[in-house]
Amino acid sequence: ALKDFKAYQKQVPEDPRVEVMIKGCESALKWKEEPTRYTIEQFKPANVSGTDDFSPMWADRKNKTIMFTSDRENGRSKETYKWTGRYHTDVWQIKLEGRKGKVKWTEPEIVPNLNTKYNDGVIAFNKRYSKLYITQCNGEKAKEPTCKIYEARKVGKGYVMEEEPLEFCNDPGPNKWNYGHPTLSPDDKTMYFVSDRPGGYGDTSEVNATQDIWMVTYVRRGRTWSTPINLGPKINTEGNEMFPYVHKDGSLYFSSDAHPGMGGLDIFETSKTG
């Protein structure tokens, strides 16, 4: 691939994408030779063969509950999703039970009162775990053509989701854009999310709009979120940036298929300065 990209660069030197591809190939050759201190194992309690199980989140302060998104069977939907040929995604949970020396994870169960018959998933909690934010696609009655972010409050052992999405997701006019993959800063004052709304770095005349990472801040006086701001060209590219996650130390992790990497969606890390 490296040889062919360099040959292409000589033929079409004005194409800015090829430099990223070359850098990715060169870096990948070095990364393959670098040993890692980590061993990756499958987390069997949350996985089922033949399904997508992704975006796990701690769901309580004691780290005894994990919620994750899955398109496995026995969820709210009984119909298959045409894009995947599997069921629509729901939010599921597993719990750690027992005493020291005899603890084990429970069988996965669907989270009560949180899911619809259509695609739900990728969630984020506030620091008190009293609220969560969830991506919901197509609406409760399948009349909404895109994905939006909703707030849900914890009530008893379940959650009550607001009927309307967060205000910044309500686009004016006939155009509808996607909003999803929310994550909160450690102080709950900033939300990062993914959207294909206009103004992104993949929003050009040459290519279709791609996903960028955006941010909003909480306006306490109005009890609402601000107008979305794009995170800019150091984070976003003409490709897709997705699945942001803010660590408690402030570092932002995200996936991208256009920064120099091993290929496809890779995980990247960035730290905030200033």
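Quick note: structure is the one above.
Residues numbered from 1 in each chain as written. Predicted model: local features only at pLDDT ≥ 70, side-chain atom pairs only at ≥ 80, totals over all residues. Heavy atoms only, no water.

(A) The arrangement of the overall build of the chain in detail. Regarding its fold elements, the chain presents two helices and 17 strands. Relative to the compact-globule value of 19 Å for 274 residues, the chain shows a C-alpha radius of gyration of 20 Å, a close match. Viewed in the frame of its principal axes, the chain has a C-alpha envelope of about 65 × 55 × 45 Å. In the chain, which comprises 274 residues, the proportion classed as buried is 41%. Taking the intrachain contacts of the chain between residues at least 6 apart in sequence as the baseline, contacts between residues at least 24 apart amount to 41%. As presented, the chain carries roughly 17700 Å² of accessible surface, and 51% of it is formed by carbon and sulfur atoms. (Helix = DSSP H or I, 4+ residues; strand = E, 2+ residues; numbered from the N terminus. Rg over C-alpha atoms; globule rule 2.2 N^0.38 Å. Buried < 20%, exposed > 50% of the residue type's maximum accessible area, 1.4 Å probe, protein only. Contact = heavy atoms within 4.5 Å. Areas by Shrake-Rupley, 256 points an atom, 1.4 Å probe, with all protein chains shown as cover.)

(B) How the structure looks around the pairing of strand β6 (residues 120–125). Along β6, six of the six residues are buried, which leaves the element largely enclosed by surrounding structure. Strand direction decides the pairing type here: β6 and strand β7 (residues 131–137), joined by four bridges, are antiparallel. Following the sheet pairing, alanine 124 is matched in β7 by tyrosine 133. Here β6 hands over to β7 after five residues, with tyrosine 129 in that stretch at a positive phi of 60 degrees. (Pairing = 2+ DSSP bridges.)

(C) Just helix α2 (residues 17–33), in detail. For α2, which comprises 17 residues, the first-to-last C-alpha distance of 25 Å matches the rise-based estimate of 24 Å (1.5 Å per residue) to within 8%. Within α2, the full set of buried residues consists of Val18, Ile22, Gly24, Cys25, Ser27 and Ala28. Buried positions along α2 lie against α1 (2–11). (Expected span 1.5 Å × (residues − 1).)

(D) Just the state of the cysteines, in detail. A full pass over the atoms with the stated rule returns one disulfide. With a sulfur-sulfur separation of 1.9 Å, cysteine 137 is cross-linked through a disulfide to cysteine 147. Measuring handedness by torsion sign, the sulfur bridge of cysteine 137 and cysteine 147 sits at about 100 degrees and is right-handed. One end of the pair, cysteine 137, is in strand β7; the other, cysteine 147, is in strand β8 (residues 147–155), with 10 residues separating them in the sequence. Of the two residues, cysteine 137 and cysteine 147, neither departs from the other in class, the shared state being buried. We note that cysteine 169 lacks a disulfide partner, and the nearest cysteine sulfur, in cysteine 147, lies 10 Å from it. (Disulfide = S-S within 2.5 Å.)

(E) Geometry of the sheet that holds strand β17 (residues 266–270). Taken together, the three strands give an open sheet; going across it, the order is β15-β16-β17, and neighbouring strands pair in antiparallel fashion. Looking at strand neighbours, the two that pair on one side only are β15 (241–246) and β17, the edges of this open sheet. Taken pair by pair, the neighbouring strands of this sheet meet at an average axis angle of 25 degrees, ignoring direction. (Axes fitted to C-alpha atoms, helices over the stretch in contact; angles between N-to-C directions.)

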